[in-house]
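# Coordinates in review
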Amino acid sequence: MQYYIYRHKLPLLISSLCYLVSAGLEVLFAFYLGDMIDYILKGQEANLYWASLQVVLAVVGTLLTLIIATYTKRVFVEKVMTHVKKDIAAKLFRVPYAAFEAEDNAYYLNLLSNDMNLLDDEYLKYMTMIAMHASQFILALGALLSINVFLTICFALLLLLPISVPMLFSKRLQRNKEHLSEDNEAYTFCVKEMIEGYECIRTNNIAAKFLNRFDRDTKQREASRRRSTALEMNSFNTSGMLGAISQCLCFLIGGLLVIRGELTAGMLMTAVQLLNYVVNPIASFSEILTYMKGAKPIIDKVQTFLHQNEEREDKQQSLELADEWNLSYQNVSFGYTERPVIENFSDTFSAGQKYAIIGTSGCGKSTVTRLLMQYYQDYQGTIQIGHQSASRIRKQDIYDLISVVHQNTFIFNDTILNNITMYRDYDEQLVQSVIDKVNLTELMKAHGNEPIGDFGRSISGGEKQRIAIARALLKQSRVIIFDEACASLDPNNAHMINDLIFSLQDILCIVVTHDWTPAFLERFHRVIKMDQACQSIA
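What you are looking at is a predicted structure, and each value in this text was computed from that prediction instead of being measured.

### Notes on the side chain of Thr128
- Looking at where Thr128 falls in the secondary structure, it is placed in the loop between α6 (114-127) and α7 (129-147).
- Owing to a relative accessible area of 1%, Thr128 belongs among the buried residues under this scheme.
- A polar contact is formed between the side chain of Thr128 and the backbone oxygen of Lys125, at a distance of 2.7 Å.
- If we skip the residues at most four places from it in the chain, Thr128 touches Leu12, Tyr19, Lys73, Phe76 and Val77.

### Focus: the sheet that holds strand β3 (residues 354-359)
- Spatial ordering of the open sheet is given by β6-β7-β8-β3-β9, a layout of 5 strands whose pairing is parallel. Every interior strand has two partners, whereas the edge strands, β6 (402-405) and β9 (526-530), have only one. Adjacent strand axes in the sheet meet at a mean angle of 15° when their direction is disregarded.
- The pairing of strand β7 (residues 479-483) with strand β8 (residues 508-512) spans 5 bridges and is parallel. By the bridge assignment, Asp483 is partnered in β8 with Val512.
- This element, helix α20 (residues 461-475), spans β6 and β7 of the sheet and lies at about 175° to β6.

### Some words on the layout of surface pockets
- Taken as a whole, the largest pocket encloses approximately 2,200 Å³ of empty space.
- Along the walls of the largest pocket sit 44 residues, with Phe93, Tyr97, Tyr375, His406 and Phe410 positioned nearest its centre.
- Elements with a contribution of two residues or more to the lining of the largest pocket: α4 (97-101), α5 (105-112), α10 (165-196), α16 (395-401), β6, α17 (416-421) and α20.
- Here the lining of the largest pocket gets 5 residues from one element, more than from any other, and that element is α20.
- By residue class, the composition of the lining of the largest pocket is 24 nonpolar, 7 polar and 13 charged.

### Some details on unusual backbone geometry
- Phi at Asn331 is positive, roughly 50°, even though this residue is not glycine.
- Its place among the elements puts Asn331 in strand β1 (residues 326-334).
- Non-glycine residue Tyr423 carries a positive phi angle of around 70°.

### Let's talk about the nonpolar core
- Of all hydrophobic cores here, the largest spans 39 residues; its most connected members are Ile416, Ile420, Leu440, Ile469, Leu473, Ile480 and Phe482.
- With 7 residues, α20 is the single largest residue contributor to this core.
- Ranked by size, the runner-up nonpolar core spans 35 residues in total, among them Met1, Tyr107, Tyr123 and Ile299.

### Examining the pattern of salt bridges
- Following the criterion strictly, the structure yields 13 salt bridges and no others.
- With its nearest N and O atoms 4.0 Å apart, the salt bridge here joins Arg213 to Asp217. Taken together, the residues Arg213 and Asp217, both in helix α12 (residues 207-259) and 4 residues apart, mark about one turn of the helix.
- What makes Asp217 buried here is its relative accessible area of 8%.
- Arg225 is the salt-bridge partner of Glu222, the closest N and O atoms lying 3.5 Å from each other.

### Description of empty space enclosed by the protein
- According to the stated counting rule, one finds 1 cavity of 30 Å³ or more in the structure shown.
- As a volume, the largest cavity reaches approximately 40 Å³.
- Counting residues per element, the ones that place at least two in the lining of the largest cavity are α15 (365-372) and β7.
- Grouping the constituent residues of the lining of the largest cavity by class yields 4 nonpolar, 2 polar and 2 charged.

### Observations regarding helix α2 (residues 9-42)
- Across its 34 residues, α2 extends 49 Å between first and last C-alpha, which sits within 8% of the 50 Å expected from 1.5 Å per residue.
- Backbone geometry just downstream of α2 places Gly43 in the positive-phi region, at approximately 75°.

### Overview of the packing of α6 against helix α14 (residues 296-306)
- Two elements in contact, α6 and α14, have axes whose closest approach is 10 Å; the angle formed by their N-to-C orientations is 130°. Comparing their axes, α14 and α6 come out oblique. As for how α6 packs across α14, the hand of that crossing is left-handed. Listed contacts from α14 to Asp115, Met116, Leu118, Leu119 and Tyr123 of α6 are Ile298, Ile299, Lys301 and Val302.

### Focus: the environment of Tyr355
- Within the secondary structure, Tyr355 sits in strand β3.
- With a relative accessible area of 2%, Tyr355 lands in the buried category.
- Not counting residues up to four positions away in its chain, the partners in contact with Tyr355 are Thr348, Phe349, Ser350, Leu508, Cys509, Ile510, Val511, Phe524, Arg526 and Ile528.

### Considering the packing of aromatic side chains
- The final tally for this structure, using the stated rule, is 18 aromatic pairs.
- Relative to Tyr376, the ring of Tyr336 lies with its centre 5.4 Å away and its plane at 85°, an arrangement referred to as edge-to-face. Of this pair, Tyr336 sits in the loop between β1 and β2 (342-350) while Tyr376 sits in the loop between α15 and β4 (380-385); the two residues are 40 residues apart in sequence, bridging distant segments of the chain.
- Accessibility expressed as a relative area gives 42% for Tyr336, which makes it partly exposed.
- Ring centres of Phe412 and Tyr423 lie 5.7 Å apart, and the angle between their planes is 75°; on these two criteria the pair is classed as edge-to-face. In this pair, Phe412 sits in the loop between β6 and α17 while Tyr423 sits in the loop between α17 and α18 (428-437), placing the two residues 11 residues apart along the sequence.
- Residue class for Phe412 comes out partly exposed when judged on its relative accessible area of 29%.

### A look at α7
- The terminal C-alpha atoms of α7, which comprises 19 residues, lie 27 Å apart, in line with the 27 Å expected from a rise of 1.5 Å per residue.
- Burial in α7 covers these residues: Met129, Ala131, Met132, His133, Ser135, Gln136, Ala140, Ala143, Leu144 and Ile147.

### Overview of the side chain of Arg221
- Tracing the chain through its elements places Arg221 in helix α12.
- The contacts of Arg221, once residues within four sequence positions are left out, are Asn114, Leu180, Asp183, Asn184 and Tyr187.

### Some words on the sheet that holds β1
- With respect to topology, 4 strands assemble into an open sheet ordered β2-β1-β4-β5, the strand pairing being antiparallel. This sheet does not close on itself; its edge strands, each paired only once, are β2 and β5 (388-389).
- With 5 bridges joining them, β1 and β4 adopt antiparallel strand pairing. By the bridge assignment for β4, Leu327 is matched with Ile385.

Cut-offs and rules
Residues numbered from 1 in each chain as written. Predicted model: local features only at pLDDT ≥ 70, side-chain atom pairs only at ≥ 80, totals over all residues. Heavy atoms only, no water. Helix = DSSP H or I, 4+ residues; strand = E, 2+ residues; numbered from the N terminus. Buried < 20%, exposed > 50% of the residue type's maximum accessible area, 1.4 Å probe, protein only. Polar contact = N/O pair within 3.5 Å; in protein donor to acceptor, adjacent residues only side chain to side chain. Contact = heavy atoms within 4.5 Å. Pairing = 2+ DSSP bridges. Axes fitted to C-alpha atoms, helices over the stretch in contact; angles between N-to-C directions. 1 Å grid on protein atoms, 1.4 Å probe; cavity = no way out; pocket = protein on both sides within 12 Å on 5 of 7 lines; lining within 4 Å. Points joined across faces, edges and corners; volume = space filled by probe spheres on them. Nonpolar A, V, L, I, M, F, W, Y, C, P; charged D, E, K, R; others polar. Core = buried A, V, L, I, M, F, W, Y, C linked by side-chain atoms within 4.5 Å. Salt bridge = Lys/Arg side-chain N within 4 Å of Asp/Glu carboxyl O. Expected span 1.5 Å × (residues − 1). Parallel < 35°, antiparallel > 145°, perpendicular 65-115°, else oblique. Left-handed = near helix turned anticlockwise from the far one by under 90°. Phe/Tyr/Trp six-rings, centres within 6.5 Å; stacked < 30°, edge-to-face > 60°.

Shown next as structure tokens:
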């Protein structure tokens, strides 16, 4: 976190300087207020007017510097939070695919939402207040020393009590914050499933059971928040009570010095006002320490994520394809667990041809294509693209070469055009030719520049698949993998997509399918059948 603070230190320094000036003006205010008391008791009317004007000027100056300080403080927090979130999002796309899948989606949602809010509210916000309270404390303490050293020493000893309170609560508070982050993640996961599984929950009449789970996760989360907040408030209240007792004793000592003639009434007023500038920062430091110590697990979580291993592209090779090339698997074995999903798989896919991969569920059909995309690299054997090992080729080059059309194509809540181009700039004629080829012209006219809803809810499954194919054609991918692309389509749309697949010239198409009808399979150059032993048998 220190890296981000240092990178955006300028607004923090400006804010700190403003707080320093503001603290100096507050000290002057205390002295001018004391002067007013002495002038009133001495009956010096002219001096009273001048002191009153000085008080007003000090207050106005304090207000202006605090406005600037507050603005620059918020700018600092905004820049740091934006930078942290940007790095987390960028890191998300650099971690290995297998590492990404190892965590639930709720982990990432919680990291970028609830954890970021805690980082803002309970670390950065309070960190920026340190300069303000430190300036107040140091200048006020120095001013008190100039009034009376004995009084200052007494004040300092008495004010040690409230400072020690956060240390008593810090470990418990850190544990509470860890539990709160975990419960936030569980709650986020539950909400995500409730929204994404809405239809499944309603049509299977399990709303009551799901609500029981939601109620359990909600209660657990709110209980964690209550425990964390209660502990914080106990720390603050205990510190505040000890601070009030200390302040009362300080006032008693100051009063005795006035009675003995060692201080004037105005000087006592100044000392009391300065004492506020000493006590308030100490009480605030108690609050700041409590919150910042409690935020440590969140900071550790963020730093652990940002420093985990990522895919290295600097030592990878660029893809170089000859005029004639192929994809080949040589004795490839892989399993997500100890049980192999595919075993000793060997086959070759020639450029420009059409292949079907069939087999029963769980025999490794989709895994074959996922290994080609290098989602997982802990397989045995060799996968080659042309004359190069796929594991040595840059991922970006592989993703440019190969496109995947899944059973459920992801659609952004944006226009049809942006969903096709994926926010890239393409030549308009190229885009239009692709739109015409996949028969999306009428759909473009119907929806225009209107967003098509979450996950493309306003278009059909067949239209989504045609958008996915259009994306691949615009990328000019030389390999397109259709992973159960027609599994959820009606016969007419499935037939339309299949005709589109076979119309693609000079593109290697690998179709993972459960459609075993002879008329369909006869259209391929070759059909590869995976058996229960996770091997290719055709």
